[in-house]
Amino acid sequence: MKLCAICSCLCAAALFAGCDRLFDKGSKDDMTAGDKKVAAGDFRGAVGAYEAALDGTEKTANAHWKLALLYDDKLKIPRDAIHHFQRYLELAPNGPHAKDATAMLKQAEMRLALGQGKSTFITQEEAVRLKNDNLQLRKLLAEVRAQKSAAPPAASSAAKAGEPAQKPIPSGARTHVVQPGETMASIAQKYYNNRARWKDIQDANYYSTEGTPKIKAGQTLIIP
């Protein structure tokens, strides 16, 4: 009976050891796959491979290190880089990359803070929205310039008085009626929380403002 018990324990130990070796091999394969994807320039694919190797133990601290480098240097996502630098330091505080990870963590935190302060750190969804807005603005600007290059209509009373004619407002466009004392910069601050975007408003109203930032109270502007 005692011999059987010892044999059972040895078998169980061998089974767990085999599982541990199998897991290590799987993690090693994921790391190797990640390295190959990095070499091929497939950084998103490398992220997936390295993440598959993570198990929350010290054995996979190096996966966090490589993920941190990818997010920091290649993908330019400081928030995720910070997370993986921190996880590496938690799992391997005396690891071979601990000193570099500490320094790079501080740099990533600084970039993230500066990016938020200047409103330059945006999500992927926000980037897609801004791209679509930009395409619509370019299309509208092309239409405005095409109208300006066409033969001018009969002079209106405003044109006779030396004032620029008001461009027809496209259907569904967002508009703003200029109030006394307002400028394009103050209007940009109101709609975009960014005074520097006054140029977008000027471009969208190129025809009615004759390509200048000059506006007057009562004028209707297109807000792209």
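What counts and what doesn't
- Residues numbered from 1 in each chain as written.
- Predicted model: local features only at pLDDT ≥ 70, side-chain atom pairs only at ≥ 80, totals over all residues.
- Heavy atoms only, no water.
- Axes fitted to C-alpha atoms, helices over the stretch in contact; angles between N-to-C directions.
- Helix = DSSP H or I, 4+ residues; strand = E, 2+ residues; numbered from the N terminus.
- Parallel < 35°, antiparallel > 145°, perpendicular 65-115°, else oblique.
- Left-handed = near helix turned anticlockwise from the far one by under 90°.
- Contact = heavy atoms within 4.5 Å.
- Nonpolar A, V, L, I, M, F, W, Y, C, P; charged D, E, K, R; others polar.
- Buried < 20%, exposed > 50% of the residue type's maximum accessible area, 1.4 Å probe, protein only.
- Polar contact = N/O pair within 3.5 Å; in protein donor to acceptor, adjacent residues only side chain to side chain.

Student: What should I look at first to understand the packing of helix α2 (residues 43-53) against helix α3 (residues 61-74) in this one?
Tutor: The relative placement of two packed helices comes down to the angle between their axes together with the axis-to-axis distance. Two elements in contact, α2 and α3, have axes separated by 9 Å at closest approach and are oriented at 160 degrees. Relative to α3, the element α2 is oriented roughly antiparallel. Where α2 crosses over α3, the handedness of that crossing is left-handed. Contacts from Phe-43, Arg-44, Ala-46, Val-47, Tyr-50 and Glu-51 in α2 reach Ala-63, Lys-66, Leu-67, Leu-70, Tyr-71 and Lys-74 in α3. Split by residue class, the contact of α2 with α3 holds 8 nonpolar, no polar and 4 charged.

Student: Sorry if this is basic, but what is going on with α2 here?
Tutor: Spacing of three or four residues puts side chains on the same side of an α-helix, whose turn is 3.6 residues. The set of residues buried in α2 consists of Gly-45, Ala-46, Val-47, Ala-49, Tyr-50 and Ala-53. The backbone nitrogen of Gly-45 has a side-chain oxygen 3.0 Å away, supplied by the residue at the start of α2, namely Asp-42.

Student: What is the right way to read the packing of α3 against helix α4 (residues 78-91) from this model?
Tutor: Close contact between α3 and α4 brings their axes to 8 Å; oriented N to C, the two are set at 155 degrees. In terms of their interaxial angle, α3 and α4 are classed as roughly antiparallel. The hand of the α3/α4 crossing is left-handed. For the pair formed by α3 and α4, the contact residues are Ala-61, Asn-62, His-64, Trp-65, Leu-67, Ala-68, Tyr-71 and Asp-72 on the first element and Asp-80, Ala-81, His-84, Phe-85, Arg-87, Tyr-88 and Leu-91 on the second. For the contact of α3 with α4, a count of residues per class yields 9 nonpolar, 3 polar and 3 charged.

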